[in-house]
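Next come the chains, spelled out residue by residue.
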Amino acid sequence: MKLSRRMVLKGLGGTMLSLPFLEGLMPRTARAADSGARPYAIFFRQANGVASAQTTSELGAEPERFWPRTLGALTAESIAGRAVGVLDDHRAHLLLVRNVNMKDYNYGDGHARGAMQGLTARGPVVEGAGGGSESGGESIDHRIGRELNPQQRDSLVFYAGRRGGWLGGPCLSYRSSNVRRAALHDPWNAYQTMIGGPGGLTPEAREQLLVRQRSVNDLVKAQLQALQQRPELSASDHERLDLHLSNVRDLEVALSCRMRADQELLLQQQAPGYDSTDGTEVLATARLHMDIAVMAIACGTNRAAVIQVGNGNDGDTRYRDPGTGQLMENFHYVSHRRSSHDASGGIITGSDLLHHHVDVQFASAFKHLLDRLVAYQMPDGKRLIEHGVAVWYNDLGNGPAHSARDVPFVLAGSCNGFLKQGVYVAASGGGNPNHNRMLNTIGTAVGLKNAAGGNLDDFGDPALTKGVLSELIA
Amino acid sequence: MPRMRSQRLSREPVERGRWWRPVVLGLVLSGAAGCEGTISNPEGPGGGPGPGTPTVIEKPAPSVRMARLTHVQWTNSVQELLRLDAPPTPLAGTFRADPAQSGFLFDNDARALSVDEALWGAYQRAAAELAGQVTTDATKLARLLPPSAATSEERARAFVESFGRRAHRRPLTSEEVESYLGLYRKGPQAYADMAAFEGGIRLVLEAFLQSPHFLYRVEQSTQAVQDRVPLDDYEVASRLSYGLWSAMPDDALFAAASEGTLHSREGVATQARRMLQDARSNKVVEAFHRTLFDVPRYAAIRPSLTRYPQVSERLGEHAARETTLFVQDVVFSRKGGYSDLLTSPATFVNDELARVYGLSGTFTADFVPVTLDSRERKGVLTQVGFLAAHATSVDPDPIHRGVFVSERIICRKIGAPPANIPPLPAPQGRTNREVVASHTEAPGSACASCHSNLINPLGFPFENFDAIGGYRTTDNGHPVDASSTPNINGERVPVRDALDLADALAANESVHACYAQHWVEYLHGRPLSHEDGPLVERLGKRSKAGNLSIVDLVVEVVTSEGFVNRHPEELP
């Protein structure tokens with residue numbers, strides 16, 4: 001990062017006050033020297049399955065409300081009226097994949113199985129632990145960050161929704177087996193993490209801060225290194241010290257990639273509603289997280305992000321019924337079609353349609369992400385959406401049955417032409433687990449390799465069939 | 001010079017031999033295969049109990065050497081360190097939450113507490129903010145500074161030594177003093193708009209607050225004596241203060257460490273008893289029981305206001321307050337033991353809870369002490385919080401009540417249920433118990449192996465309590481049957497109702513050992529290890545016998561061999 005770019009960005013921003021804050025940072029040619037077309041992946045996770053065609057004991061035959069009508073090229077007609085129809089503006093960038101099947105690992109809970117396998121393609125550390133589960137491997141976002149990010153920075157992990165709850169709230173990203181990662185919750189704190197320093201400072205104050213922090217960092221680094229050298233430390237202690245030390249870095253990033261002051265103020269004002277059960281506020285928070293993630297990617301400071309909405313079963317969030325304007329029952333109840341977190345509650349009339357309404361709201365949030373990615377014109381003349389891939393995915397195939405099969409994956413962006421675009425395909429593999437190959441495909445698209453330097457094909461559980469989903473590759 | 005990593009002798013095993021009688025820890029007993037296990041970490045420190053290899057001597061378990069402060073500990077430590085009037089809670093509120101760590105009940109598993117990019121940035125911002133607050137306020141700064149000296153440099157040195165001893169929670173080495181002084185000398189450049197001395201102190205404060213020696217409890221002792229590594233007095237002081245207060249040592253504890261009085265069991269016990277009389281320990285005791293009794297779950301209490309018009313949407317909030325007052329009363333006012341938590345009918349109510357309990361008289365929004373009808377209520381498991389938090393909006397939930405008792409009170413883990421469980425059938429004139437039993441106890445079914453033997457017998461005794469915890473004698477027009485024969489750690493105990501169950505639990509040694517186990521885990525910040533077995537068993541025996549209050553139990557844990565020594569081997 002060149003410090004001088006700060007002034008360029010500031011100048012650009014000053015001309016675009018009326019636009020949402022991301023547009024104020026459009027890098028254009030200012031980024032030519034240090035960006036390139038580096039692919040990225042942003043994962044946007046929804047819980048509880050989708051309102052696809054299914055037969056439930058509660059409501060009987062439920063119609064298809066999520067997927068397009070036909071496989072093949074996406075058309076306005078094929079997606080009209082379906083949840084994915086919300087994305088019509090971005091149809092040319094979409095790659096919709098069905099028949100993605102997770103493995104039915106014994107997590108002891110369908111939500112844990114989906115959430116903790118979702119980005120890791122791994123089974124549980126302890127089988128049958130239900131809400132006490134942890135995944136047995138690193139997640140793909142972390143792998144991307146560890147191998148491809150500048151300074152090996154961690155991928156960005158965001159969480160929108162009421163803190164805590166089922167599976168402890170954030171539950172997608174893993175540093176390694178049994179080592180779950182924390183998530184950024186408050187968008188303002190997330191932003192400050194992304195920029196690597198405090199927001200709300202004048203340029204002069206930031207310069208002074210950089211000098212001061214460098215002095216303190218030198219002392220802290222020396223202390224950490226001295227501790228690292230103590231022979232009695234265990235591997236556990238070393239791992240945590242290594243992580244700590246890796247994050248004691250100087251603040252050039254903070255001075256190079258940030259919003260204008262008025263945009264920072266706007267973000268601060270919007271941020272306080274993040275710890276909410278109101279679905280409108282929760283998804284508004286997710287949109288702010290998307291803005292921050294896109295900004296980090298546009299600036300080249302990160303190449304992977306995860307945005308999780310709601311806890312393990314999104315059981316605290318109540319989305320709004322667009323028909324009545326009222327808050328529905330919590331999403332987990334709606335997805336079960338019953339007024340309970342298990343099978344004991346009364347049937348919620350019309351809950352399949354309510355589930356569809358939630359799907360549409362997630363689709364709208366995903367559209368916001370795509371809108372942002374399209375808004376960035378990159379130095380190579382392409383839009384940022386073309387450089388990487390945004391992935392809207394789910395923990396489950398459906399709600400009532402908690403199916404591990406046919407888990408929705410909606411991809412947008414080709415990773416510089418690597419992935420097919422504008423089509424709806426069925427993943428290969430029959431009914432067998434192939435979700436690990438989906439993650440391998442995304443990893444390959446972003447630039448990860450296997451040990452031999454070829455396509456990433458061995459991410460996840462080594463017991464699963466290796467490889468990528470070639471039918472997704474252009 | 002204070003004692004640091006001195007030739008401190010371990011308490012001799014022969015001395016400990018008077019404290020307990022070796023017996024195999026009996027938490028694992030027979031039950032339905034596939035449903036249960038003890039609540040411990042098989043991959044935890046020490047590798048878990050090995051079959052047929054009972055540990056017979058109390059000794060330390062492997063633990064981390066670098067235990068990062070929890071956010072609560074950070075908040076309390078900063079307040080104490082900077083001598084602030086109020087805790088910097090808003091700043092700690094900007095810290096990202098630590099991730100959940102499965103298999104451990106509490107939030108202080110040291111293996112899971114790390115400093116990632118987000119937290120490091122938040123620490124940096126907090127340090128800058130706090131240092132600015134203190135050094136730009138003469139009154140606040142005066143609380144920290146030593147008396148004037150001949151030169152500013154001398155005064156700064158004195159500050160680094162005195163403040164550093166508290167920040168690092170041990171005396172600084174000469175090299176450390178010099179490194180902080182080097183930073184002090186950069187003050188004029190770092191804060192050109194401040195007086196040189198204050199600017200230097202500000203930069204030094206920022207560094208102390210970002211130092212790993214502040215952010216972690218660092219244990220550096222390595223000299224083994226026999227089969228353990230005695231902690232030095234400052235390390236013991238930190239274990240005590242963070243265990244009993246979730247805060248750094250106070251001046252008295254530092255003085256005790258400096259004088260070497262934490263070298264003896266008596267010295268540690270003296271400090272522990274002093275600390276347990278301080279209000280800071282109340283918060284720790286409250287936090288422990290909030291987690292143990294799953295009080296956060298009370299927030300989800302949502303009874304049908306149609307079915308139960310006598311309660312409000314604040315029932316869960318009021319129940320949580322009751323639990324807090326009840327625990328504080330038993331532990332501190334009555335100096336009670338675990339049996340009192342399980343069996344005491346004395347509690348605290350406001351007007352809403354009084355209605356649920358069927359109390360006559362005038363009540364207001366204020367909580368007042370009452371004694372409930374001992375023919376209906378005994379202990380925390382018969383109070384509104386537990387009962388209403390384990391209920392649907394209209395009916396009691398014997399399944400989850402039973403699972404809770406099994407896992408939290410008996411330390412017997414229940415395996416997760418299979419997926420796609422069909423819903424409970426309609427009552428069709430039956431009692432809630434009959435519906436649950438018909439659905440879960442069909443002979444030969446997969447459900448029955450767990451429900452018939454382990455879960456339902458611990459849940460059905462609470463059928464006298466409805467979904468808000470109100471007492472009832474009939475259900476759906478039929479007399480309530482609350483009798484059962486639960487398996488309490490291998491012993492089949494016939495009970496007529498929840499009162500009998502409370503008595504049976506209080507009379508069971510392993511139940512008391514389970515409670516001691518939770519305390520050991522909480523005070524150490526790690527899962528139970530097999531080395532803890534003899535201590536847990538000893539405390540279980542004494543607690544059950546009625547001669548060990550909860551305060552005494554805590555003192556026993558923090559004066560135990562495992563608390564003041566390290567294991568000679570590190571974690572894997």
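Remember, it's a predicted structure, so these values are computed and weren't measured experimentally.

Calculation notes
Residues numbered from 1 in each chain as written. Chains lettered and ligands numbered in written order. Predicted model: local features only at pLDDT ≥ 70, side-chain atom pairs only at ≥ 80, totals over all residues. Helix = DSSP H or I, 4+ residues; strand = E, 2+ residues; numbered from the N terminus. Buried ≥ 20, exposed ≤ 12 C-beta atoms within 10 Å, placed from the backbone. Contact = placed C-beta atoms within 7 Å. Rg over C-alpha atoms; globule rule 2.2 N^0.38 Å. Domains from an automatic or database assignment. Pairing = 2+ DSSP bridges. Nonpolar A, V, L, I, M, F, W, Y, C, P; charged D, E, K, R; others polar. Axes fitted to C-alpha atoms, helices over the stretch in contact; angles between N-to-C directions. Parallel < 35°, antiparallel > 145°, perpendicular 65-115°, else oblique. Left-handed = near helix turned anticlockwise from the far one by under 90°. Core = buried A, V, L, I, M, F, W, Y, C linked by C-beta atoms within 7 Å. pLDDT = per-residue confidence, 0-100. Expected span 1.5 Å × (residues − 1).

(A) Looking closely at the overall build of chain B. On a plain count of helices and strands, chain B comes out with 26 helices and 12 strands. Out of the 572 residues in chain B, the part that is buried amounts to 54%. Look at the contacts in chain B between residues 6 or more apart in sequence, and 69% of them connect residues 24 or more apart.

(B) Just the overall build of chain A, in detail. Assigned secondary structure in chain A consists of 13 helices and 12 strands. Relative to the compact-globule value of 23 Å for 474 residues, chain A shows a C-alpha radius of gyration of 22 Å, a close match. Taking the principal axes of the C-alpha coordinates as reference, chain A spans close to 65 × 60 × 45 Å. For chain A, buried positions account for 59% of its 474 residues. Partitioning the contacts of chain A with sequence separation of at least 6, the portion at a separation of at least 24 is 69%.

(C) How the structure looks around the domain arrangement of chain B. With domains assigned, chain B is organised as domain 1 (67-217) and domain 2 (283-417 + 427-504). Centre-to-centre, using C-alpha coordinates, domain 1 of chain B lies 45 Å away from domain 2 of chain B.

(D) Representation of the pairing of strand β5 (residues 94-98) of chain A in the model. Residue and element names in this part refer to chain A. The element β5 is largely enclosed, with a buried count of five among its five residues. Residues of β5 alternate between two faces, with Leu94, Leu96 and Arg98 on one and Leu95 and Val97 on the opposite face, all of them buried. Sheet topology note: the β5/strand β11 (residues 409-412) ladder contains four bridges and is antiparallel. Paired with Leu94 across the two strands is Ala412, which belongs to β11. Where β5 lies against strand β12 (residues 423-426), four bridges are found, and the strand directions are parallel. When the bridges of β12 are listed, Leu96 appears paired with Tyr424.

(E) Broad picture of the interface of chain A and chain B. Taken residue by residue, the interface counts 60 residues in chain A and 47 residues in chain B. Elements represented by at least two residues in the side of chain A that touches chain B include exactly α5 (187-195), α6 (203-228) and α7 (235-246) of chain A. No other element matches α6(A), which puts 11 residues into the side of chain A that touches chain B. Counted by class, the side of chain A that touches chain B contains 22 nonpolar, 24 polar and 14 charged residues.

(F) Here's a closer look at the packing of helix α11 (residues 233-244) of chain B against helix α12 (residues 251-259) of chain B. Residue and element names in this part refer to chain B. Contact pair α11 / α12: the axes reach a minimum separation of 8 Å and the direction vectors enclose 150°. Taken together, the axis directions place α11 and α12 in an arrangement best described as roughly antiparallel. Handedness of the crossing formed by α11 with α12: right-handed. For the pair formed by α11 and α12, the contact residues are Asp233, Tyr234, Ala237, Leu240 and Ser241 on the first element and Leu253, Phe254, Ala256 and Ala257 on the second. Partitioned by chemical class, the residues of the contact of α11 with α12 number seven nonpolar, one polar and one charged.

(G) Representation of the nonpolar core within the structure. Counting 275 residues, the largest nonpolar core has A:Phe158, A:Ala293 and A:Val391 as the members making the most contacts within it. Sorting elements by how many residues they give to this core places helix α9 (residues 279-299) of chain A first, with 13 residues. A domain split of this core shows at least three residues from each of domain 1 (67-217) and domain 2 (283-417 + 427-504) of chain B. Residue contacts for A:Phe158: discarding those within four places in its chain leaves A:Ala183, A:Leu184, A:Ala190, A:His289, A:Ala293, A:Ala305, A:Val306, A:Ile307 and A:Gln308.

(H) Fine view of the confidence of the model for chain A. When pLDDT is averaged along chain A, the result is 88, and 90% of the positions lie at 70 or above. For residues 1-35 of chain A, every residue scores under 50 in pLDDT, and the model assigns this stretch 55 contacts once sequence neighbours within four places are set aside.

(I) Examining helix α19 (residues 398-409) of chain B more closely. Residue and element names in this part refer to chain B. For α19, which comprises 12 residues, the first-to-last C-alpha distance of 15 Å matches the rise-based estimate of 16 Å (1.5 Å per residue) to within 8%. Within α19, 10 of the 12 residues are buried, leaving the element largely enclosed by the surrounding structure. The inward-facing, buried residues of α19 abut α14 (279-292), β7 (412-414), α20 (432-440), α21 (446-459), α22 (498-506) and α23 (509-524). Two residues or fewer after α19 comes Cys411, characterised by a positive phi angle close to 60°.

(J) Broad picture of the packing of α11(B) against helix α13 (residues 265-275) of chain B. Residues and elements named next belong to chain B. One way to put it is that α11 packs onto α13 with a least axis distance of 11 Å and a crossing angle of 25°. It follows from the interaxial angle that α11 and α13 lie roughly parallel. Here α11 and α13 pass one another in a crossing that is right-handed. Between α11 and α13, the contacting residues are Val236, Leu240 and Leu244 on the first element and Val268, Gln271, Ala272 and Met275 on the second. Classifying every residue of the contact of α11 with α13 by side-chain character gives six nonpolar, one polar and no charged.

(K) Seen up close, the sheet that holds β5(A). Residue and element names in this part refer to chain A. Taken in spatial order, the eight strands line up as β4-β12-β5-β11-β10-β1-β9-β6 in an open sheet, and their pairing is mixed. The sheet terminates laterally at β4 (72-73) and β6 (156-160), the two strands that pair on one side only. Sheet topology places strand β1 (residues 41-46) next to strand β10 (residues 389-394); six bridges connect them, and they run parallel. Bridge pairing in β10 places Ile42 opposite Ala390. On top of the sheet, helix α4 (residues 140-148) reaches β1 and β9 (304-309); it is set at about 155° to β9, its chief contact. Sitting on the sheet, helix α11 (residues 351-375) touches β1, β10 and β11, and the angle it makes with β10 is about 170°.

(L) Fine view of unusual backbone geometry. Residue and element names in this part refer to chain B. Here Arg169, not a glycine, exhibits a phi torsion of approximately 65°, which is positive. Note that Arg169 resides in the loop between α6 (152-167) and α7 (174-184). At Gln428, a position not held by glycine, the phi torsion is positive, near 50°. In this fold, Gln428 is placed in the loop between β7 and α20.

(M) Structural view of α6(A). Between its first and last C-alpha, α6(A) extends 35 Å over 26 residues, near the 38 Å set by a 1.5 Å rise per residue. Where α6(A) is concerned, the buried positions are A:Arg206, A:Arg212, A:Gln213, A:Val216, A:Leu219, A:Val220, A:Gln223, A:Leu224 and A:Leu227.

(N) How the structure looks around the confidence of the model for chain B. Residue and element names in this part refer to chain B. Model confidence for chain B is summarised by a mean pLDDT of 89, while 90% of its residues fall at 70 or above. Segment residues 1-33 is flagged for pLDDT under 50; beyond a separation of four residues in sequence, or across chains, it makes 63 contacts in the model. Under a pLDDT of 50 for its full length, residues 38-55 has, in the predicted model, 39 contacts with residues more than four places off or in other chains. For this predicted complex, the interface confidence score (ipTM) comes to 0.89, while the overall pTM stands at 0.89.

(O) Just the environment of A:Gly85, in detail. All names here are of chain A. In this fold, Gly85 is placed in the loop between α2 (76-79) and β5. Exposure remark for Gly85: the 19 C-beta atoms within 10 Å place this residue in the partly exposed category. Considering only alpha carbons, one finds Gly85 and Ser428, 343 residues apart in sequence, at a separation of 24 Å. Ignoring sequence-local partners within four residues, the contact set of Gly85 consists of Ile79 and Ala80.

(P) Local environment of the environment of B:Ile421. Residue and element names in this part refer to chain B. Among the structural elements, Ile421 can be located in the loop between β7 and α20. A count of 14 C-beta atoms within 10 Å places Ile421 in the partly exposed class. Taking C-alpha positions, Ile421 is 36 Å from Arg96, a pair spaced 325 residues apart along the chain.

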